[in-house]
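What follows is the residue order along each chain.
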2 protein chains.
Amino acid sequence: MQFKISKELLEQIEQLIQAKNDQELEVLLNDMHHADIAEIFDELSIDEATYIFKILDSEKTAEILLELEEDVREKILRGLSAKEIAEELDELDTDDAADIIAELPDSKKEEVISELEDLEHAKDIVDLLRYDEDSAGGLMGKELVKVNENWNVLTCVKEMRIQAENVTRVHSIYVVDDENRLKGRLSLKDLLTTSTKTPISEVYIPKVDSVKVNTSSVDVARIMQKYDLEAIPVVDEMGRLVGRITIDDIVDVIKDEADKDYQLAAGISQDVEADDSIIELTKARLPWLVLALCGGFISVEMLGLFGGAMEKHGELFFFTPLIAAMAGNVGVQSSAIIVQGLANQSISGSIVNRLLKEISLALLNGVILATILFVGSHFILGVEPKIGMIVTIALISVIIIASLIGTFIPLILDKFGIDPALATGPFITTSNDICGILIYFSIAKLILGF
Amino acid sequence: MQFKISKELLEQIEQLIQAKNDQELEVLLNDMHHADIAEIFDELSIDEATYIFKILDSEKTAEILLELEEDVREKILRGLSAKEIAEELDELDTDDAADIIAELPDSKKEEVISELEDLEHAKDIVDLLRYDEDSAGGLMGKELVKVNENWNVLTCVKEMRIQAENVTRVHSIYVVDDENRLKGRLSLKDLLTTSTKTPISEVYIPKVDSVKVNTSSVDVARIMQKYDLEAIPVVDEMGRLVGRITIDDIVDVIKDEADKDYQLAAGISQDVEADDSIIELTKARLPWLVLALCGGFISVEMLGLFGGAMEKHGELFFFTPLIAAMAGNVGVQSSAIIVQGLANQSISGSIVNRLLKEISLALLNGVILATILFVGSHFILGVEPKIGMIVTIALISVIIIASLIGTFIPLILDKFGIDPALATGPFITTSNDICGILIYFSIAKLILGF
């Protein structure tokens, strides 16, 4: 049932736009899911997309807006008046509306907010705008159903009906005290099986998971995932209920976080996609390449220092790329396991144990690889045994050092509150290249004495 | 509110176990969330964990079982009889129960199934066992609420009450025909506002998203994410409703898929964690290192072919690690963007356009980096201009070739149905190292004529 945009469908839509056949366009598109229409928008020109946007009613277009790529959304919004944008936002949940307003240029923000029709809605949106987008406050929406612990069941049911009008999906019924402090939650079943005069304070469940407004979005994701929650209430510094976060927003957080770590490991520093502009892709990629190039300069200088060996032992230089590559690969493996372990909070035990384990692991891998190298360099490459021995000893040493660097740099960054994923990719490969070459030639110098 | 295991808590629990103080243990643990107890189990010895396991009632232990790391779960289950395991499974949803049975050794599977008390439940579990674990069938559970289109509202409400007993959370009410074929879904609101004698066929919504039993779990995740679904029904080849998948299972799929791609990019081929055994970690890491080592052999041989240049132009060899590192880094960047684009289905446009874009991008990056290199090699490294020119031309060429290799290898693998993530990491860096060195020395030979 997966939707695929066909060439025919696109052509049909483009023809209908050219013919200004609004009626048929409406029939065709009203039958489609807003997420599918958003995909079609990505393929159309901005003029065509804006044309369709103005035909459909705001209930549908508001949902389409949410699903669009950020740059497409920006361009479409640029073609709409503040009043038209406000009409879209009136249809959306507060958290989604706030996200879209946050993307608008400052000059337009106020104008759009002043055009919002529903005043309560507008107040909630403005309230949400002040939270950091990577915190629980930035993720939460205001739509929720809450009841006072001092009400009885009858009042409660009446109030719930009114509140539920504004809520697309009721995940939980939260119980608060007179000060709006979160006290617990209510089971619908208990509510329906209790006499209407019973006070809520006697039936509610006093245990409820919650997060603070300033909890980081990554931590919220971790908590909801661990406890299999579909929604979680958000409280402020005084324990007052201020919003709720639903699982669909968390799915996006998990996906974004994983994408970001993956890109950092590959040496890409901004959130870019294959379809972004060349300038944007360059901005994300060039800094890491410059870093690698600077590392390259150091390796050139270092090799220069050992240049005296070239006359007698030129073969040594044939092995530098091999040693550097092994150092880089081992380092990346070690750092990736640590970065993932930190992200999943699955790293236990003391730092000394981790050190011992990493050294044993490196020794085991190193000895196996060194054996292959020693045999291979003798029988396949035919280098003299003395050089073979040097390369072999260097490989084991380099693997041990590289895996220690790969393990400890992310751990240290994490200790200082820096994203450990920064240490993967080019950073680790470059520093390990340099260390690897230094170790290799130092061992060679020690043995051959050039 | 994030739970952290304290040393004191662990010590307290261990002392209670030693003192066989079952009563206090029960009080202490019954108050804790099953996901937290599972974390504590990871820190205890298997004997201690099994001891606790036998004290708590099966409603709680069944949930704990689900949250445990696979290896801990396996060890605990080994200490339980078939009957004891069956008691745990009777408490779980069919999909979770089937997942646990699938992990048991074959000899124990049948024994456990024969001990299940609820026959309906047992039949459902056995049915689920035949699906591939990476398909919708392998993800789905049997617990759902469905009504027949030929019933009237009254019958429907009665039936729903009975069915809902077995379902933890009702996500949707599905409508089927006499053959159990999925026809649509029912809105609770419509149901409550319609006269009790109205036939369901007049009130249900005929549009409902669904997936086939053999849809891959990655595709199911993509669909549920795109359409923001909290549950999706699963139909068989004949369109009959056979189960439903909930969003919490999909969160795990998304996380696992991202972790796997990340590990492949870092040259780790199995699903390992920092706390796994050294043997397991070696199995996941060594194959990629051997691949890199073989690539290293080729680079040694290749450098040997150009060895004649050493006498006159030894400096050339100082630059090999720099060229190899740049080739590797550029290749990994390009492949990562493609792999991610393929995973998110966000790559559009023809292959020729992609080619042109990648070349322009590489040219832009290449020219900037080459300028830095040319200036740096002259003023910082002090190499002669001719060598500087060779290195500069080589760098631009290498960056273009490396980015093309990084772009097209994943695209080709994907075309042949092979996971493109395999092409990231060591595979790309190794092949780009070799190509980079070959291009560099070929250019040098052409210009210097050695």
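Residues numbered from 1 in each chain as written. Chains lettered and ligands numbered in written order. Predicted model: local features only at pLDDT ≥ 70, side-chain atom pairs only at ≥ 80, totals over all residues. Heavy atoms only, no water.

An unreviewed UniProt entry annotates chain A as Magnesium transporter MgtE of Flavobacterium capsici. Listed under Subunit (unreviewed entry) in UniProt, the entry text for chain A is "Homodimer." As its UniProt record puts it under Function (unreviewed entry), chain A is described as follows: "Acts as a magnesium transporter." (UniProt positions renumbered as here; feature names shortened; annotations may be inferred.)

Explain the UniProt feature "transmembrane region" (unreviewed entry) in chain A residue by residue, including any values.
UniProt's feature table lists "transmembrane region" (unreviewed entry) at residues 288–310, 316–339, 359–381 and 387–413 of chain A, given in the numbering used throughout. Each end of residues 359–381 of chain A is marked by a C-alpha atom, and these two atoms are 29 Å apart; helix forms 91% of the span and strand 0%. (Helix = DSSP H or I, 4+ residues; strand = E, 2+ residues; numbered from the N terminus.)

Tell me about the sheet that holds strand β2 (residues 173–176) of chain A, and please be specific about residues and values.
Residues and elements named next belong to chain A. Reading across from one edge, β1-β2-β3 is the order of the three strands in this open sheet, with mixed pairing throughout. The open sheet is flanked by β1 (145–148) and β3 (182–186), the only strands paired with a single partner. On average, each strand axis in the sheet is tilted by 35 degrees relative to the strand beside it, whichever way the strands run. Where helix α12 (residues 153–164) meets the sheet, its contacts fall on β1, β2 and β3, and the angle it forms with β1 comes to roughly 155 degrees. (Pairing = 2+ DSSP bridges. Axes fitted to C-alpha atoms, helices over the stretch in contact; angles between N-to-C directions. Contact = heavy atoms within 4.5 Å.)

Tell me what's going on with the UniProt feature "domain: CBS" (unreviewed entry) in chain A, and back it up with residues and numbers.
Sites flagged by UniProt as "domain: CBS" (unreviewed entry) map to residues 140–202 and 204–260 of chain A. For residues 204–260 of chain A, the helix share is 42%, the strand share is 23%, and the end-to-end C-alpha distance is 41 Å.

Please give an account of the packing of aromatic side chains that cites residues and values.
Counted under the stated rule, the structure contains 10 aromatic pairs over all chains. Plain terms: the ring middles of F306 of chain A and F441 of chain A are 5.2 Å apart, the flat faces sit at 20 degrees to each other, and that makes the pair stacked. Taken together, the residues span a long stretch of sequence, with F306 of chain A in the loop between α17 (278–305) and α18 (310–313) and F441 of chain A in helix α23 (residues 426–448) at a distance of 135 residues. The two residues F306 of chain A and F441 of chain A agree in class, both being buried. Consider the rings of F317 of chain A and F318 of chain B, whose centres lie 6.0 Å apart with planes at 40 degrees: the pair is tilted. Here F317 of chain A is found in helix α19 (residues 315–318), whereas its partner F318 of chain B is found in helix α18 (residues 315–318) on a different chain. What makes F317 of chain A buried here is its relative accessible area of 0%. (Phe/Tyr/Trp six-rings, centres within 6.5 Å; stacked < 30°, edge-to-face > 60°. Buried < 20%, exposed > 50% of the residue type's maximum accessible area, 1.4 Å probe, protein only.)

Before we move on, could you go through the relation of the copies chain A and chain B and cite the residues and values that matter?
Superposing chain A onto chain B requires a rotation of 180 degrees together with a translation of 0.0 Å along the rotation axis, leaving an RMSD of 0.1 Å. Such a turn and shift between the copies fits a two-fold axis. Comparing interface residues between copies, 99% of those in chain A also sit at the interface in chain B, which points to an isologous, same-surface contact. (Least-squares fit on C-alpha atoms with pLDDT ≥ 70 in both.)

Give me the pairing of strand β5 (residues 231–235) of chain A: which residues, what numbers.
Two faces make up the sheet, and in a regular strand the side chains alternate between them. All names here are of chain A. Of all five residues making up β5, five are buried, and the element is well covered by its neighbours. With burial as the criterion, each face of β5 is covered, one bearing A231, P233 and V235 and the other bearing I232 and V234. Pairing between strand β4 (residues 211–212) and β5: two bridges, direction parallel. If you follow V211 over to β5, its bridge partner there is V234.

So, the pattern of salt bridges: which residues are in play, and what are the values?
Applying the stated criterion across every chain yields a total of 38 salt bridges over all chains. Across the pair D127 of chain B and R130 of chain B runs a salt bridge, and its minimum N-O distance is 3.3 Å. (Salt bridge = Lys/Arg side-chain N within 4 Å of Asp/Glu carboxyl O.)

Lay out the interface of chain A and chain B with the relevant residues and their values.
Across the contact, 108 residues belong to chain A and 107 residues belong to chain B. When the two sides are added together, the surface that chain A and chain B hide from each other amounts to roughly 9900 Å², 62% of it contributed by carbon and sulfur. Joining chain A to chain B, the criterion identifies six salt bridges. With its nearest N and O atoms 3.6 Å apart, the salt bridge here joins R285 of chain B to E358 of chain A. The interface formed by chain A and chain B contains 24 residue pairs in polar contact (both at pLDDT 80 or more). The element that contributes the greatest number of residues to the side of chain A that touches chain B is α17 of chain A, accounting for 17 residues. Split by residue class, the side of chain A that touches chain B holds 51 nonpolar, 29 polar and 28 charged. (Buried area = accessible area lost by both parts, 1.4 Å probe. Polar contact = N/O pair within 3.5 Å; in protein donor to acceptor, adjacent residues only side chain to side chain. Nonpolar A, V, L, I, M, F, W, Y, C, P; charged D, E, K, R; others polar.)

Explain the nonpolar core to me, using residue names and the numbers behind them.
A general trend in soluble globular proteins is that nonpolar side chains are found buried together. F41 and I245 of chain A together with F41 and I245 of chain B are the most contacted members of the largest nonpolar core, which totals 126 residues. The residues touching F41 of chain A, leaving out its near neighbours within four places in the chain, are A49, I52, F53, I64, L68 and I76 of chain A. Counting residues in each nonpolar core, the second largest holds 98 residues, with F306, A324 and I399 of chain A together with A394 of chain B among its members. (Core = buried A, V, L, I, M, F, W, Y, C linked by side-chain atoms within 4.5 Å.)

Could you give an account of the environment of A98 of chain B, with specific residues and numbers?
Along the polypeptide, A98 of chain B turns up in helix α8 (residues 94–103). Exposure remark for A98 of chain B: the relative accessible area of 6% places this residue in the buried category.

Can you break down helix α12 (residues 153–164) of chain B residue by residue, with the values?
Residues and elements named next belong to chain B. Here α12 spans 16 Å end to end across 12 residues, near enough to the 16 Å set by a 1.5 Å rise per residue. Of the positions making up α12, those classed as buried are V153, C156, M160 and Q163. Seen along its axis, α12 keeps its buried residues to an arc of 85 degrees; they face one direction. Turned more than 90 degrees off the buried face of α12, the exposed positions are K158, R161 and I162. Capping the start of α12 is the job of one residue whose side-chain oxygen sits 3.1 Å from the backbone nitrogen of L154: N152. (Expected span 1.5 Å × (residues − 1). Arc of directions from axis to C-beta.)

Hey, could you go over the sheet that holds strand β1 (residues 145–148) of chain B for me, with residue numbers and the actual values?
Residues and elements named next belong to chain B. With mixed pairing, the three strands of this open sheet are ordered in space as β1-β2-β3. With one partner strand each, in any of the chains shown, β1 and β3 (182–186) form the two edges of the open sheet. Averaged over neighbouring strand pairs, the angle between their axes works out to 35 degrees when direction is ignored. The sheet contact formed by strand β2 (residues 173–176) and β3 spans four bridges and is antiparallel.

So, the packing of helix α20 (residues 320–343) of chain A against α23 of chain A: which residues are in play, and what are the values?
When two helices pack together, you describe them by how their axes are tilted relative to each other and by the distance separating the axes. All names here are of chain A. The geometry of α20 relative to α23 is characterised by a closest axis approach of 8 Å and an angle of 135 degrees between their N-to-C directions. The angle between α20 and α23 places the two elements in the oblique class. The chirality of how α20 crosses α23 is right-handed. Residues T320, I323, A324, A327, G328, G331, V332 and S335 of α20 form the contact with α23, whose own contacting residues are I428, T429, N432, D433, G436, I437, Y440 and F441. Its residues assigned to classes, the contact of α20 with α23 shows eight nonpolar, seven polar and one charged. (Parallel < 35°, antiparallel > 145°, perpendicular 65-115°, else oblique. Left-handed = near helix turned anticlockwise from the far one by under 90°.)

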